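Examining the three-dimensional arrangement
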Amino acid sequence: MFQKPNAFSFFLLFSFPCLNLFILVCRFHQTELYFQVPNTCYPIVYSPEYNITFMGLEKLHPFDAGKWGKVINFLKEKHLITDDNIVKAREATEEDLLVVHTRGYLNKLKWSIVVATITEIPPLLLLPNFLVQRKVLRPLRTQTGGTIMAGKLAIERGWAINVGGGFHHCSSDKGGGFCAYADITLAIKFLFERVEGISKATIVDLDAHQGNGHERDFMDDSRVYIMDVYNRYIYPGDGFAKRAIKRKIELDWGTEDQEYLEKVDMHVQGALNEVRPDILIYNAGTDILDGDPLGGLAISAQGIVKRDEIIFKAARERNIPILMVTSGGYQKRTARIIADSIINLHNLGLVDCNAASSEAGPSRVSLLMNAPLLAATQLSSH
């Protein structure tokens, strides 16, 4: 309940302007994830640190733990990108993660058995945690940092792609399904807190699995609209989290291209017409691919490329900034499909990788982050 300020509050407000400045400056922790990216870089975020390789243990999970690097290599082969014109992701720090995660949850990750359970790689429980942190969790923290960075870039450039991320089964206090950090929730919370004018977000989750992590995080947050299209019969089957979904499309085993694409097109149009967000976060899982061992759907490679085209076209036609993360996909050929999709988006003019804008003015993010400095200047002049 709102409390009227008392006399002591007014005394502090007017007698100690420096105290108010201190509160303003300390509103946000210092982060290295929000910085001014050179205009010569495309809003494609990646780091070699994304890829998980450690004594072959990564092969014990069906996830291709090196697919992110393969996507980048395919894009380089097509001369779409180089190492110099993409944005190198930075690792999210503990302070960054605490914007969403509880300290208790982050402390649990210091136990190898917990990480083994979340990542579904049982042998990890036998390893000392410092190795688990370095070889498994650091890559996931770097991908998480990449999603947060891509959120800022999407606002500045109109679109951004994090070649990793999409850990949609993790919520503020619980991980699962290979998802240890809630990168989608973090990207949205960072934008809400740090970017002026960003107060509404839409999540379009097209991974084959229900995105129960971000759904639990935004259960009672009217600022976030969630559309989720998933196989109704597979993990996680989180009935409680489903209450947060504003537009729920549950699919049957073996759903194919025509039905799938018609539903995606109809519902994304409906979602964006129902609520116009300040940003669209697109969880572009490729585990919908025919033959995926976990997804249970039957979408072709061409169907996935068309699906991504539908989502980007819907956002770009409405001038809604879009952030894409790559999420699940458990076949070796998914890396090529992701790369082919990005190339298709480029060829259609839905993403511009010919030249980054050289006319971009000061970013909305930068202006907000400089607000405390501006306030200090104004106070010192009085």
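Residues numbered from 1 in each chain as written. Predicted model: local features only at pLDDT ≥ 70, side-chain atom pairs only at ≥ 80, totals over all residues. Heavy atoms only, no water.

Per an unreviewed UniProt entry, the chain carries the name HDA11 deacetylase and comes from Polypterus senegalus.

Topic: the packing of aromatic side chains
Note the cut-off: Two rings belonging to Phe, Tyr or Trp (six-membered ring only in the last case) form a pair when the distance between their centres is within 6.5 Å. Interplanar angles under 30 degrees mark stacking, angles over 60 mark edge-to-face geometry, and anything in between is tilted. We call a charge positioned above a ring when the Lys NZ or Arg CZ atom is no farther than 6 Å from the ring centre and deviates by at most 35 degrees from the ring normal.
Taken as a whole and judged by the stated rule, the model has four aromatic pairs. Look at Y46 and Y50: their rings are 5.3 Å apart centre to centre, the planes differ by 75°, and that puts the pair in the edge-to-face class. Seen from the ring of F74, R336 lies directly overhead, with NZ or CZ sitting 3.9 Å from the centre.

What about the sheet that holds strand β3 (residues 159-162)?
What counts is decided by this rule: What makes two strands pair is DSSP finding at least two bridges between them. Labels follow the DSSP assignment, with helices taken as runs of H or I lasting at least four residues and strands as runs of E lasting at least two, numbered in each case from the N terminus.
Strand order in the open sheet made by the eight strands is β2-β1-β3-β8-β7-β4-β5-β6, with parallel pairing throughout. The open sheet has two edge strands with one neighbour each: β2 (87-88) and β6 (247-251). The pairing of strand β1 (residues 44-46) with β3 spans two bridges and is classified as parallel. When the sheet's bridge partners are listed, V45 is paired in β3 with N162.

Quick word on the confidence of the model for the chain
Let me state the cut-off plainly: Residue-level confidence of the predictor is summarised by pLDDT, bounded by 0 at the bottom and 100 at the top. Here, residues are in contact when the closest pair of their heavy atoms is within 4.5 Å.
Looking at the chain as a whole, the pLDDT averages 88, with 83% of positions reaching at least 70. Confidence drops under pLDDT 50 across residues 1-6; counting only partners more than four residues distant or on other chains, this segment forms one contact. Per-residue pLDDT stays below 50 along residues 369-382; that stretch engages in nine contacts with residues further than four places along the chain or on separate chains.

Notes on the packing of helix α10 (residues 257-274) against helix α11 (residues 301-317)
Put simply, the rule is: Orientation is described by axes fitted as lines to C-alpha atoms, over the contacting stretch for helices, and by angles from 0 to 180 degrees between their N-to-C directions. Convention used here: angles under 35 degrees read as roughly parallel, angles over 145 as roughly antiparallel, angles from 65 to 115 as roughly perpendicular, and any remaining angle as oblique. Should the near helix be turned anticlockwise from the far one by less than a right angle, the crossing is left-handed, and should it be turned clockwise, the crossing is right-handed.
Two elements in contact, α10 and α11, have axes separated by 10 Å at closest approach and are oriented at 15°. Between α10 and α11, the angle falls in the class roughly parallel. Once α10 is placed against α11, the crossing between them reads as right-handed. Counting all contacts with α10, which are made through D257, Y260, L261, V264, D265, V268, Q269 and L272, the residues of α11 involved are G303, K306, R307, I310, I311, A314 and A315.

Examining the environment of T40
Structurally, the position occupied by T40 is in the loop between α2 (17-25) and β1. Residues T40 and I86, 46 residues apart in the sequence, show an inter-C-alpha distance of 8.7 Å.

Overview of unusual backbone geometry
Going by this rule: Each residue gets one of three labels from its accessible area relative to the maximum for its type: buried under 20%, exposed over 50%, partly exposed in between, using a 1.4 Å probe on protein chains only.
In this structure, the amide linkage connecting Y235 to the following residue, P236, adopts the cis form with an omega of 5°. Non-glycine residue E120 carries a positive phi angle of around 60°. E120 sits in the partly exposed class, given a relative accessible area of 39%. Although it is not a glycine, N319 adopts a positive phi angle of roughly 60°. Structurally, the position occupied by N319 is in the loop between α11 and β8 (322-325).

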